[in-house]
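# Summary of structural features
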Amino acid sequence: MPAFIISPYWLLLLAGAAGSVWLVRRQGRRHAVEVERLRAQQRAFFDRMPGGLYEAQPDGGFVRVNPALVRLLGAEQAEELLRLSAGEAEAMYLDAENRRRVFARAGRTEEAPEFESRVRRCDGAVIWVRESVRAVRDDRGRLVCLQGFVADITTGKRTERALSESEDRWRLAVQGSAAGMWENNQLTGETFYSDRCKEILGFAPHELSNNRADWVARIHPDDVKHGIRAMQDHLAGRRPYYEIEHRFRSKDGTYKWILSRGRALFDEQGRATRIVGTHIDIHERRQAEERLRASEARYRMLFEHSPVAVVEFDFESGRRWLEARRAEGVTDLRAYFSTHAGCEMEILEPVKLTGVNSAAMQLMGAASLADIVAALPRLMTGEALQARVEFYLGLWEGRRLSEREVTVQALDGSLRRLLTRWWIPMVDGRPNYAQAQIAMLDLTQMKSAELALAQERERLRVTLEAMAEGVVAVDTDGRVRFVNHAACALMGCRDHEAAGRAAAQLLPLVDGSTDKPFDWTGEILNRTRAVELPPRIWLHCGDGRRLTVDGRGAPMHDAHGRTVGAVLVLRDVSARVQLEEELQRAARLESVGLLAGGIVHDFNNILAVVMGNLTLSTMDEAVQGSRAAIWLREAEQATLRARDLTQQLLTFAKGGEPVRSTVQLTELVQEAARFALHGASARCEFELANDLRPARVDPGQIGQVVQNLVLNAVQAMPGGGIIRIALSNEEVTASDPNLAAGHYLRLVIRDRGQGIDPENLPRIFEPYFTTRPQGFGLGLATAYSIVKKHGGHIGVESESGRGTRFDLWLPASDEPVATPQPVPTATEPAKLRGRVLFMDDDAPIRQMALLLLARLGVDAVTAADGAEAVQLYERALAENRRYDAVIMDLTVPGGMGGREAMERLRAIDPGVRAIVSSGYSSDPVMADYRAHGFQAMVAKPYRVADVAAALREVLAAEQPG
């Protein structure tokens, strides 16, 4: 019945009609005819109203009802409602209290309040109604009755409930889904990707934008065209949905398989306005498919052709048979079957088969449903009939499901063992006997599947045993139930020794950040999903080793969601952590080196001025032979020691690039070690291979490394001892994380001294870190920097109280060993002749240089930077007064340095002769000055003899020594 609600217009009309009747009565009998006519119109209007109308007493009893209300409330006649008492009428409303409140309110006010309620109709059906109530009063304002207007809103309520349930289902589905949501607005170009989409790829929500181009760029190049084709097919209407499996590049650079589904929304013109879809992580599934592809090929036919066989039948006749037995007074149906022989066939015949699936026909060897119906008596063996009897007995006792293992005979005469499941489905809360079902499972195929499952379990076991990661499974008490070989190796025990023991004792993990035990079993068992182990987790192995590990654990649940145990997968990442620490150490050295290099550069400039002035002072005739000369020479020696200290700083700073030559390390190592042992109580024992390859190194720097390491060993053994030094050829493969593949020379220096404490071991190569009161903390830092600059690697192993071992790898060379040049005899600088152009940005150095060069006998001119030097040189060429030599500082802050100036001078005069000078040797020019056009090099701070020797070499053609 359609819902109808009285509008305010009709309310006013009714009120007006009632008022008219009252006026007519007051006018007397002369208007009686008119009054009767109005009453007839009112009654006709009341009865013809399509919505329910009634007049009721204030207590709720009906006084008058229209036919629409009679139909709405499921009554046969109006009298059926009018006979109801006030309580009976109120009892029809399931929300009677609300009706009483509305009636009371309408009786007190002039309003027409409304309410909604469920109403039980006279025929027992329950409907929803919306009802408004107003008071009807006489001319004195006294309440005459209450007038109600009733509309059926059941359809609307059902729609609202269906919509609410649909929205709830959608909300719960989204919340409970592991899928990520995405949306693409085709009109504005805006895109949205949910946090779950980003989480699938390993990103935090803020680490990946919602820009569609960023996401398309992450699709594997081989999958892009397939995605475009799938989207075009959907937008063109050839496919109802957009669906594709493709690979996305995740945060760590690997590709993950994602199932992308979506659907477009179109406007009235058929244009796509929005595309909404989901991303589902199917990477593990695809990986599993790859791993099990060979196995799946063997079992594909089994799984594809052995679905459950289902037979549908109409059991209404069976239900009537059971009701008939109850009507006969049967109380014990099992006893009835035992005393009525042959009734099994009696209950078989009335049941009508309504459908079978292809699996059931294949199972029975039939081509159609008719074949099975015709052969049913023959197919039903004794066990099958007994299963039918058990189903009847279950229904008799109120059970709708019965399972039993039976043997049936197929049409070809073969017997098949089946697990049958008889059941009556529930539809709208009631048993649907007309669509009863039998599900049949061939146990032979099931046993085959069980065998396949056992084989798969065996493959899984073999896979777990072959894994490099340790896998440990525990129960809820934290006791080990399974370990693979890798886990046994970590724990230092065998699998049978670990079973049943407390995992926390066998696999003790320690949180490296707090140095407290980490209860990994409790941490995992108390979670609902997989968890990553915290960073810096240590494993104390049974053999005394301490490994850095990472891993992932997950709780295990049974079919009811209860936690039954946990699985932990561990990886030994000690080597990776060591490499990361090595990189961090190198970064720290790099930053300190930059600072040290700058300081050394400026300090060497100062030392150059000090050294030059000391030299000038000692060369003064008035000073020579006096006590001041002695003091000045001691100051000069102190300045030289300061220069040596700066050279150490330069070695591990950006400066100190090695000046390489091809040498045999045997003599170099022996000489450096013996030099470091002067005055020490320790001695060296050498193990030097006979067929050592040459090495292309800076002999001075490598000698310094050996000296530093030997001195370190001597200081570690104050009471004396033996330092063992071994040198051998080594070949490094590409798998080494610290070195490039190739041939190397391995130098091992081992002592039996005090060793290094574990907490200090990671810091020994840091500049200025030392545990000795007299140490500067530069020896090992210098050694580390030198080896790294040579393309090698230095490693250390130490145990407190048992000694230390340093391992150095230096690249081998295929070049012949360089012939050593004779060392010139030191002589007093001889007088020189010529014109020299000297360039340096430091004014005191320029002043000092003028004096030194003048004492050497040359005519010198100074320039503050490279640009000025080029101008002076060009002017001298034009005046035919060419400079015989040019000395230029390599580094000029904020101006042209020696390298660029040399390029311009060579363009002006290809025969220019130049000497490069610097207190900061990070530039390759200092290590290979001839490749940049210079004929000689002097490093700051320099002595007058150094400058004289360099000038003599440059001026040799014009000024023979």
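A brief report on the enclosed structure follows. (Residues numbered from 1 in each chain as written. Predicted model: local features only at pLDDT ≥ 70, side-chain atom pairs only at ≥ 80, totals over all residues. Heavy atoms only, no water.)

### Details of the sheet that holds strand 30 (residues 742-751)
- Read across the sheet, five strands follow the order 27-29-30-32-31 without closing on themselves; strand pairing throughout is mixed. At either end of the open sheet lies a strand with only one pairing partner, and these are strand 27 (683-688) and strand 31 (793-799). When strand polarity is set aside, the average angle formed by the axes of neighbouring strands in this sheet is 20°.
- As paired strands, strand 30 and strand 32 (residues 803-811) are joined by eight bridges and run antiparallel to one another. (Pairing = 2+ DSSP bridges. Helix = DSSP H or I, 4+ residues; strand = E, 2+ residues; numbered from the N terminus. Axes fitted to C-alpha atoms, helices over the stretch in contact; angles between N-to-C directions.)

### Topic: the pairing of strand 32
- Within strand 32, seven of the nine residues are buried, which leaves the element mostly enclosed by the surrounding structure.
- In terms of strand pairing, strand 31 meets strand 32 through seven bridges, oriented antiparallel. Note that in strand 32 the partner of I794 across the bridge is L808.
- Linking strand 31 back to strand 32 in an antiparallel pair, the connection comprises three residues, with G801 at a positive phi of about 85°. (Buried < 20%, exposed > 50% of the residue type's maximum accessible area, 1.4 Å probe, protein only.)

### Focus on the side chain of D909
- For D909, the position within the fold is in the loop between helix 31 (898-908) and strand 36 (914-918).
- Here D909 is in contact with Y873, L877 and R882, once residues within four sequence places are set aside. (Contact = heavy atoms within 4.5 Å.)

### What to know about the side chain of R286
- Topologically, R286 is positioned in helix 11 (residues 283-291).
- Accessibility expressed as a relative area gives 16% for R286, which makes it buried.
- Those residues in contact with R286 that lie beyond four places of it in its chain are E245 and W257.

### A few points about the pattern of salt bridges
- Taken as a whole, this structure holds 44 salt bridges when the rule is applied.
- For the salt bridge of E183 with R274, the shortest nitrogen-to-oxygen distance reads 2.6 Å. Placement of E183 in strand 6 (residues 180-185) and of R274 in strand 10 (residues 272-281) is noted, with a sequence separation of 91 residues between them.
- The partly exposed category is assigned to R274, whose relative accessible area is 33%.
- Shared partners join several salt bridges into a network, and the residues in it are E90, E97, R100 and R101. (Salt bridge = Lys/Arg side-chain N within 4 Å of Asp/Glu carboxyl O.)

### A short note on unusual backbone geometry
- Phi is positive for N880, which is not a glycine, with a value near 60°.
- Position of N880 relative to the elements: it lies in the loop between helix 30 (866-878) and strand 35 (885-889).

### Comments concerning empty space enclosed by the protein
- Within the structure shown, the criterion is met by three cavities of 30 Å³ or more.
- Volume-wise, the largest cavity comes out at about 240 Å³.
- Of all elements in the fold, only strand 11 (309-314), helix 17 (369-379), helix 18 (382-396), strand 13 (401-409), strand 14 (415-423) and strand 17 (436-442) reach the threshold of two or more residues within the lining of the largest cavity.
- Here the residues of the lining of the largest cavity are counted per class, giving 16 nonpolar, one polar and one charged. (1 Å grid on protein atoms, 1.4 Å probe; cavity = no way out; pocket = protein on both sides within 12 Å on 5 of 7 lines; lining within 4 Å. Points joined across faces, edges and corners; volume = space filled by probe spheres on them. Nonpolar A, V, L, I, M, F, W, Y, C, P; charged D, E, K, R; others polar.)

### Some remarks on the nonpolar core
- Counting 41 residues, the largest nonpolar core has F313, F315, L333, I372, Y392 and M440 as its most contacted members.
- When residues of this core are assigned to their parent elements, the largest contribution, nine residues, is made by helix 18.
- When neighbours within four sequence positions are excluded, F313 is seen to be in contact with V351, K352, L353, T354, F391, W422, Y433, A434, Q435, A436, Q437 and I438.
- The next biggest cluster of nonpolar side chains, apart from the first, holds 40 residues, and it includes A672, V697, I794 and L810. (Core = buried A, V, L, I, M, F, W, Y, C linked by side-chain atoms within 4.5 Å.)

### Considering the sheet that holds strand 10
- Reading across the sheet, the five strands line up as 7-6-10-9-8 and stay open at both edges, with antiparallel pairing between neighbours. Single-partner strands in this sheet number two, and they are strand 7 (191-193) and strand 8 (242-249). Averaged over all pairs of adjacent strands, the angle between their axes in this sheet comes to 20°, without regard to strand direction.
- Across nine bridges, the pairing between strand 9 (residues 255-266) and strand 10 is antiparallel. Bridge pairing links L259 to I280 in strand 10.
- Against the sheet, helix 10 (residues 221-235) contacts strand 8, strand 9 and strand 10, and its axis sits at roughly 155° relative to strand 8.
- Here helix 11 sits on the sheet in contact with strand 8, strand 9 and strand 10, set at roughly 125° to strand 9.

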